[in-house]
Each structure stands twice: as C-alpha cells, then as structure tokens.
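Descriptive structure summary
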Amino acid sequence: MFSFLNKDQTTGEVEERQLDDANIPAHVAIIMDGNGRWAQQRHLPRIAGHKQGMNTVKTVAKAASDLGVKVLTLYAFSTENWKRPSAEVNYLMKLPVDFFGTFVPDLVKNNIRVKVMGYTDQLPAATQKAVNDAIADTKDCTGMVLNFALNYGGRAEIVTAVQKLAEEVQAGQLTATDIDDEAIGRELMTADLDGLRDPDLLIRTSGEERLSNFMLWQVAYSEFVFTQQHWPDFDQTALEQAIYEYQQRHRRFGGLATDNTK
Ligand code: IPE
Ligand code: IPE
Ligand code: MG
C-alpha cells in the first residue's frame with residue numbers, strides 16, 4: 001500500500017489516502033501541457049516554463065518508476081508544434097540535449113530505459129544524437145520504460161501504418177482481409193511495447209480537455225484524468241492523485257463490471 005496526502009483543490013482540506021499497489025496502471029501517458037501559461041503567469045518568457053517543465057519530467061519519471069508503473073509515455077513535441085515561433089521550437093529542440101545530458105546517470109541508477117516514438121529523423125542532428133545516446137546508454141535497464149513522444153502525431157502514425165500495410169498487400173505479402181486490429185497495432189510506434197501498448201491511464205495537465213492528436217488508436221479504452229495544474233506544477237502527489245482517481249474507476253471494455261451494479 002502506498003499512502004499519500006491528498007489536498008482538496010477547492011476546500012484545501014488534507015486527507016491521507018491509500019493507493020492499491022495491486023492496481024497501479026501499467027502504462028501511464030501524459031499530455032504535458034501548460035508550460036507557456038505557467039511562465040506567463042510569472043511574467044517570464046514561455047521558454048522558462050519549458051525549462052521548469054523539464055525538471056517536472058525528472059520528478060515524475062522517478063515517482064512513476066517508484067510506484068511500479070511499467071511504461072510512462074510523455075507527449076513532448078507534436079507534429080503540429082512546428083507551427084510555433086522558431087525561437088520557441090529551437091529551445092524545445094535543445095531541451096532533450098540538456099535533459100539527457102544531466103539525467104541519464106539517474107535513469108540508469110533507477111533502471112529506467114528510454115524509448116522514443118515519433119518522426120525523429122526530422123529532428124535537428126544534435127537532438128537526434130542526444131536521444132540516440134540516451135537510448136543506447138539505458139538499453140540494458142529492465143525497469144520502467146520512459147517513452148518520449150517527440151515529433152509525434154496520432155494521425156500521421158496511423159497514416160504511416162496504413163501505407164506500410166498497403167505496400168505489403170501490393171507486394172502480395174498480405175491480403176486486405178489480413179488487416180485487423182493486430183496488424184495495425186504491429187505497425188504503430190508502440191509495437192515494441194508488446195502487451196503494454198495501450199495506456200491504462202491518460203493524464204492531461206493545465207485544464208484542457210482534448211487529445212491534441214495524441215495516441216488516437218491506443219487510447220480507445222484508456223481512463224482519462226484532467227488536472228488543473230500546469231505541467232511545471234505537477235509533482236509526485238499530483239501523479240498519486242491521478243492514480244487514485246484511476247483506481248476509483250470501473251473499466252468495462254464494453255463488457256460488464258465483475259460487480260455489475262457499477
Ligand atoms: C506544453 O506546454 C509543452 C509543449 C506543447 C511543447 P505549452 O507550451 O503548450 O504551454 P501552454 O499550453 O501554451 O500554456
Ligand atoms: C499538446 O499540447 C502537445 C504536447 C503537449 C507536446 P498543445 O499545447 O500543442 O495542444 P493544443 O494546441 O492546446 O491543442
Ligand atoms: Mg499547450
């Protein structure tokens with residue numbers, strides 16, 4: 001049993017809560033949103049929010065690993081984020097260099113393995129190198145997978161998968177009727193996560209309640225938790241609160257709950 005102190009967002013009341021350690025979501029995915037607003041509220045440039053957000057990634061990765069999460073997927077840069085001013089994009093592209101440059105020894109110490117999903121070949125060379133080095137340096141870690149969605153888009157991911165399957169059909173390696181859930185899942189960027197491809201819990205910070213092109217296929221039956229904090233303010237307790245909320249849900253996957261009054 002993990003216990004944590006829950007603070008009610010409206011009343012400020014503090015109460016001790018227990019997490020059921022037999023029901024920790026195996027795959028947690030987070031849309032890390034609100035860095036810019038966090039900075040603006042402090043009269044700081046938006047990039048100050050991204051910098052602070054990087055520290056939150058370190059805190060939350062350790063917290064998730066300690067709780068027994070098996071895969072933590074973090075939406076770091078979308079295929080649509082290129083629309084931002086180039087100075088902000090350039091800063092975001094440098095962040096992985098700083099992040100892995102300082103955090104890889106801690107990742108190794110915590111037995112955390114780095115994975116990346118997205119169109120990484122379109123990233124600047126220095127960003128690609130930082131990412132590839134981190135993957136290589138953590139390849140023998142057997143604990144949590146820390147999966148960064150970097151230049152990732154859910155629709156593009158599905159388009160790429162469908163193109164690949166169409167080519168296989170054209171080459172006579174597959175028939176149209178062979179294309180099923182499993183065949184598509186095999187071509188998506190989560191394929192190598194095997195039985196942990198689909199997030200159990202999806203969290204989005206900053207009060208926005210939309211997917212913004214994140215893991216459209218994989219979240220079919222995920223539980224969604226939206227929190228008000230901006231990402232730089234998210235912390236271990238916020239993660240525990242989200243997992244607590246997840247543990248109050250009754251997942252049915254289209255069937256009936258074991259206790260079907262729920
Ligand atoms: C999330 O914070 C980080 C990225 C999308 C890269 P934002 O930069 O979207 O911050 P807001 O939503 O504008 O406050
Ligand atoms: C989603 O946040 C992308 C990431 C967190 C990397 P955005 O801030 O880009 O999403 P919108 O524009 O508010 O939908
Ligand atoms: Mg945003």
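Throughout what follows, the structure given in this document is the object of discussion. Only a predicted model underlies this, so the values are computations on that prediction, with no experimental measurement involved. (Residues numbered from 1 in each chain as written. Chains lettered and ligands numbered in written order. Predicted model: local features only at pLDDT ≥ 70, side-chain atom pairs only at ≥ 80, totals over all residues. Heavy atoms only, no water.)

Observations regarding the site of ligand 1
Note the following rule: We call a residue near a molecule or strand as soon as one heavy atom of that residue lies within 4 Å of the molecule or strand. Any pair of N or O atoms that falls within 3.5 Å is considered a polar contact. Within protein, one atom must be able to donate a hydrogen and the other to accept it, and sequence-neighbouring residues count only if both atoms are side-chain atoms. Surface exposure here means Shrake-Rupley accessible area, sampled with a 1.4 Å probe, where a residue is shielded only by the protein chains that are shown. Strands are runs of DSSP state E lasting at least two residues, helices are runs of H or I lasting at least four, and both sets are numbered from the N terminus onward. Each residue gets one label: Ala, Val, Leu, Ile, Met, Phe, Trp, Tyr, Cys and Pro are nonpolar, Asp, Glu, Lys and Arg are charged, and the others, such as Gly, are polar.
Around ligand 1 lies a shell of 13 residues, among which Asp33, Gly36, Arg37, Arg46 and Arg84 are the nearest. Contact distances for ligand 1 include 2.8 Å between an oxygen atom and a side-chain N or O atom of Asp33. In this structure, an oxygen atom belonging to ligand 1 sits 2.9 Å away from a side-chain N or O atom of Arg46. In isolation ligand 1 offers 380 Å² of accessible surface; the protein chains occlude 87% of this area. Breaking the shell around ligand 1 down by element, the ones donating at least two residues are helix 1 (35–41), helix 2 (46–67) and helix 3 (86–109). Here the residues of the shell around ligand 1 are counted per class, giving three nonpolar, five polar and five charged.

Overview of helix 4 (residues 125–137)
Stated precisely, the cut-off is as follows: For a helix, the expected span equals 1.5 Å multiplied by the residue count minus one. When a residue's accessible area, from a 1.4 Å probe over protein chains only, is under 20% of the maximum for its type it is buried; when over 50% it is exposed; and in between it is partly exposed. When we speak of the arc, we mean the arc of directions from the helix axis to the C-beta atoms.
With 13 residues, helix 4 should reach 18 Å at 1.5 Å per residue; the first-to-last C-alpha distance of 18 Å fits that figure. Along helix 4, the residues classified as buried are Thr127, Ala130, Val131 and Ala134. For helix 4, the arc enclosing every buried residue in end-on projection is 95°, short of the 170-degree limit, so these residues lie on one face. For helix 4, the exposed residues set more than 90 degrees away from the buried face come down to Ala125, Ala126 and Lys129.

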